[in-house]
Amino acid sequence: MPAFFAPSMARLIEELSKLPGIGPKSAQRLALHLVKGAEEDVRSLAEALMDAKTTVQHCSICSNLTDSDPCEICGDGSRREDLVCVVEDPSDVVAMERTRDYDGLYHVLHGLISPMDGVGPDELRVKNLLDRLREDEVQEVILATDPTVEGEATAMYLARLLRPLGVKVTRIARGLPEGGDLDYADEATLSRALRGRYSVDSG
Amino acid sequence: MMQLQKLTLKNYRSYESLDLQPDRHVNVLVGRNAAGKTNLLESIHYLAAGRSHRTHRDAELVRWGEQGFFISAIACAGTVRHTIECAYDDSRGKSFRLNGVAQKRLSNVIGTVNAVIFSPDDLYLIKGGPEGRRALMDTEIGQISRGYRRALARYSRVLAQRNDILKKISRSRSSGVTAELMSAPWEEQLADIGARIVAVRLVMLRRWGECAQRMYERVVDSQETLTVRYKCSFSALDGSLELSLPDLREWVREKLSGALEEARPREIERGYTLVGPQRDDLQVCVNGRDARRFASQGQQRSAILALRIGEVKWMQQETGRKPLLLLDDVMSELDAARARRLSTSVGAEGQTFITCTDLSEVDLGDTGAIWEIRDGEVTGPVK
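Residues numbered from 1 in each chain as written. Chains lettered and ligands numbered in written order. Predicted model: local features only at pLDDT ≥ 70, side-chain atom pairs only at ≥ 80, totals over all residues. Heavy atoms only, no water.

Novice: Break down the interface of chain A and chain B for me, with residues and values.
Specialist: The partner chain B presents 23 residues to the 24 residues of chain A that form the contact. Buried area between chain A and chain B, both sides added, is near 1900 Å², and the carbon and sulfur share of it is 58%. Taken as a group, P115(A), M116(A) and V149(A) account for 32% of the area that chain A buries against chain B, more than any other trio of residues on that side. Run the count over chain A and chain B and you get four salt bridges. The partner of R157(B) in a salt bridge is E150(A), with the nearest N and O atoms 2.6 Å apart. The tally of links from chain A across to chain B stands at nine residue pairs in polar contact (both at pLDDT 80 or more). Of all the secondary structure elements, the ones that give two or more residues to the side of chain A that touches chain B are α6 (149-162) and α7 (187-195) of chain A. Among the elements that take part in the side of chain A that touches chain B, α6(A) stands out by supplying eight residues, more than any other. (Contact = heavy atoms within 4.5 Å. Buried area = accessible area lost by both parts, 1.4 Å probe. Salt bridge = Lys/Arg side-chain N within 4 Å of Asp/Glu carboxyl O. Polar contact = N/O pair within 3.5 Å; in protein donor to acceptor, adjacent residues only side chain to side chain. Helix = DSSP H or I, 4+ residues; strand = E, 2+ residues; numbered from the N terminus.)

Printed below as a string of structure tokens:
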């Protein structure tokens, strides 16, 4: 298909279609939109891309993406430093922050263990988590990976790995979503919620 | 009761195009060998199970020289009417629509139509390897429980991941400590999901076994007994019989968890998982002896028939409605007396499709329609 476009356009479409979630059609639409727009807009986008790529780095403490090292969260000072929440990727940090219920620190793994995809602990930010727990005064590690097959396995792997360090390890709860409808929940979720029930103390 | 009101086929096996409005009771499909009788039953079963009972390659179902096939049916479950459509295309694969809405997950479609098929190939259930018997349990339970289908999918994912890591460990000859650390995270999930699967199978088997036993006595021979046992790869099942489903699940989880731990060194050596529901089996016994080795050909066929009818009864208990019965060339295998008992046992209330080469094999009674099949064309009802 790109053969029908001028070579410069074809190249742009090709580059765009490498992005996740962008198919050839979307890439074509984006490319046409870009060249049609004002030059400043395109320059601004190009600069933003390069700027992000050259500036952004992994925080040396939590491995989250940051412009300055240590990242804002690790460097905050007002947050609890005895609590670390382990998540799969930076977007999970954003999700956790949105709750405004968590004021501890994070650790971003940048993936989940998946042998079939060639991802083991060595491909993840596991080693610097261990270093961090040995040095810092962390009392509790919350494992907040997805409740998928790989997320569970990663959490269990970490739980075993961290046990000898004498730190308290917890796993986020699973069950019904807030405001959810009981009869819309699938069997596995509901059964999990049932097993995770808690007693309601009056008074 | 489950009722098929209309069946449409396009480019499916021997059918270029077919529109059939079946009788609500018994439908006899009569025709010579290779006329397309089985293909018709297969297409109905396809809508129920989401796959063919004869092949796992959808491309084989496409009429010679065409690129795809289409099956659609209007089915009534009790008073609710559903339109279910399946389109397959060599380049795009298969897709399902339920009441006009495209369905992403096959698991949302399976179970809209319930059907049980009796086929001459069924002898594999006794004579074949364990995978056929496992597939039988999984398809049947899967038809009525979405939770079970999800559990199976999740289990096979965990299993694939763990086998992958075991293979890598066994190749690299890692130390025992590393090996344990890498394989253990998958074991807890294997035990948890595996226990769900086994517990549901065991509960299903209790009822199914009872139904099959009763059918064997009634239709086949009241002097002989038929029993179905679950052969568990990791534990004896003594003491599990009285347990309710949740207790049973917990009981199995403990056994499986222990077995995985015990098997781990061997598994690391071999490079794959040795225990779990993927290695379990069923054993069919006639008069207490393994039917595979000790039963005659006739007893084996009768046992299978009883198992299939037991399946129908079981499914009826579970869903509250009688599934469609697809009887492929069963009558020719039975003597007249058994055939009559079979007709009265299964054909009474549910919708049935029976194939035969000779009309004299089938006793239609008062209700029903006869359809003649010749070279992918159906004419009728002739009665």
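Let's pick the thread back up.
Novice: Any chance you could break down the environment of G175(A) for me, citing the residues and the numbers?
Specialist: All names here are of chain A. Its location among the elements puts G175 in the loop between β6 (168-171) and α7. The class for G175 is partly exposed, based on a relative accessible area of 29%. Discounting chain neighbours no more than four positions away, the residues touching G175 are T189 and A193. (Buried < 20%, exposed > 50% of the residue type's maximum accessible area, 1.4 Å probe, protein only.)

Novice: Tell me about the sheet that holds strand β3 (residues 83-87) of chain A, residues and numbers included.
Specialist: Residues and elements named next belong to chain A. Strand order in this open sheet of four strands is β4-β3-β5-β6, and the pairing throughout is parallel. Two strands lie at the open edges of the sheet, namely β4 (105-108) and β6, each paired on one side alone. Strand-to-strand twist in this sheet, taken as the mean axis angle between neighbours without regard to direction, amounts to 25 degrees. Of the pairings in the sheet, the one linking β3 to strand β5 (residues 140-143) comprises four bridges and is parallel in character. (Pairing = 2+ DSSP bridges. Axes fitted to C-alpha atoms, helices over the stretch in contact; angles between N-to-C directions.)

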